Amino acid sequence: MAEVSAELQKTNRWHLTADWWAVIASLVVAGLVKFGALPRIPW
Amino acid sequence: MKMAEGTLALPQVEVARPVNRFVKLIPGVLLLAAIGYLGKFIEQSISSYAKANHLHLPNIEYVLWAILIGLAVSNTIGIPEVFRPGVATYEFWLKAGIVLLGSRFLLGDVLKLGSLSLSLVVLELAVAFTLMTLLGRWFKLKPKLTTLLAVGSAVCGVSAIIATKGAIDADDEDSSYAIAAILAIGAISLFTFPLIGHWLHLSDRAYGMWAGLAVDNTAEAAAAGALFSDAAGKIAVLAKTTRNAMIGFVVLGYAIYWASKGQAQVVGNKAAFLWQKFPKFVLGFLLISVLATATVFNKDQLGSLANLSRWAFLLTFAGVGLRTNIRELKAQGLRPFAVGAIGETAIALVTLGMVLVAVAAFNL
């Protein structure tokens, strides 16, 4: 059970950090797109 | 001399750690990208083969291929240890995909669709809580396990369960049961929702709204939407994000309830509690939408941002398959799953009814 608890706490921390990292990374990428530092991204 | 070595060694360790952690992510991220891209490649190959041979083959979206390949890998050979840290980043790609998806919504659309989905979400929350609480009592589940299942099915799956677990001092065992039940049901919804949506000839908007309201985990909701169509995927994410934004209020409500029974810690500063539980990527989504509305990006740049969002979702969908281990889910016992499954089916039916009424009333 202690292992499960540690795993959950780790997941919880990751949930919170993933939120901020996603915002920061997306804004940086949006900035790069805006100022032409990235080529046109195809799909 | 020893001192000097010590002081020199410390900063090196500090620098090496984040780099080391980053390097450890690479194999798993490459695996996500390879599986996702293979899914896209299979979709394109089938479609060009059908075109070249004048065949009418049903178009199976890359989303389904990526999930199926992921499922096959994790349930046969398993995920080797070296890939695990990187595979866990699917959560990051999901959130980055949602933030960048903000570029495909004008703020007016966000407000219009968001307020409609917000009112539907409030109704859905009421239905989900009542149903799950009653079912939990009938099946004699522990009250805190019922709370976790109610939160998981009403708001947003795993994140909501984890957030609530801490706030109401629930057992680890209860939270792993609830998480397993919600994940198993999410996997089933993923395959049933698109079939039902096509069978009922729902519009992209109506289907997207339904998937966003009724499918629990954000990754599964996005995938269930994208399996129907690109446009439906976009709406599903918006509706699901509105639901996610409610997480703080729901967790706070339950924390106060359990604290009043003396079975959880009293919440001190409620505003700080709400902010701590609020999914911050929602703010990023709104910010990008505001920038897109203010014409900060030109048409080509908006296209690039939308495509970046699609690439991020591609990695997420590969992660959904890879993280679903059928044997582990089976091992979690039947009763929580039964409560979850009955509750979810009822919630899916009620939300479908709500969406159909909204479609008629608001001409979706």
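Residues numbered from 1 in each chain as written. Chains lettered and ligands numbered in written order. Predicted model: local features only at pLDDT ≥ 70, side-chain atom pairs only at ≥ 80, totals over all residues. Heavy atoms only, no water.

Novice: I keep staring at the pattern of salt bridges and nothing clicks. Help me out?
Specialist: Two side chains carrying opposite charge are able to pair once their charged atoms lie near each other. Scanning all chains against the criterion turns up eight salt bridges over all chains. We note a salt bridge from Arg323(B) to Glu220(B), for which the minimum N-O separation is 2.5 Å. With a gap of 103 residues between them, Arg323(B) in helix 15 (residues 299–323) and Glu220(B) in helix 10 (residues 218–228) connect regions that are remote in the sequence. We note a salt bridge from Asp230(B) to Arg310(B), for which the minimum N-O separation is 3.0 Å. Here Asp230(B) is found in helix 11 (residues 230–245), whereas its partner Arg310(B) is found in helix 15, with 80 residues between them in sequence. Each of Asp19(A), Glu91(B) and Lys95(B) takes part in a single network of salt bridges with overlapping partners. (Salt bridge = Lys/Arg side-chain N within 4 Å of Asp/Glu carboxyl O. Helix = DSSP H or I, 4+ residues; strand = E, 2+ residues; numbered from the N terminus.)

Novice: Would you take a moment to explain the side chain of Ser189(B) for this structure?
Specialist: Residue and element names in this part refer to chain B. When you line up the elements, serine 189 lands in helix 8 (residues 172–199). The class for serine 189 is buried, based on a relative accessible area of 8%. Setting aside its immediate chain neighbours within four residues, serine 189 contacts Pro194 and Val215. (Buried < 20%, exposed > 50% of the residue type's maximum accessible area, 1.4 Å probe, protein only. Contact = heavy atoms within 4.5 Å.)

Novice: Would you mind going over the packing of aromatic side chains with me for this structure?
Specialist: Two numbers describe a pair of aromatic rings. These are the distance of the centres and the angle of the planes. A full pass over the atoms with the stated rule returns 13 aromatic pairs over all chains. Residues Tyr207(B) and Trp210(B) carry aromatic rings whose centres are separated by 6.1 Å and whose planes lie at 80° to one another, so their mutual orientation is edge-to-face. Taken together, the residues span about one helical turn, with Tyr207(B) and Trp210(B) both in helix 9 (residues 204–214) at a distance of three residues. In textbook terms, an aromatic cluster arises when at least three aromatic residues are bridged by ring pairs, as seen for Trp43(A), Tyr37(B), Tyr62(B), Trp311(B), Phe313(B) and Phe317(B). Cation over ring: Lys144(B) sits above Trp258(B), and NZ or CZ is 5.3 Å from the ring centre. Directly above the aromatic system of Trp275(B) lies the positively charged group of Lys280(B), at a separation of 4.9 Å from the ring centroid. (Phe/Tyr/Trp six-rings, centres within 6.5 Å; stacked < 30°, edge-to-face > 60°. Lys NZ or Arg CZ within 6 Å of the ring centre and 35° of its normal.)

Nothing here speaks to function; it is all geometry.
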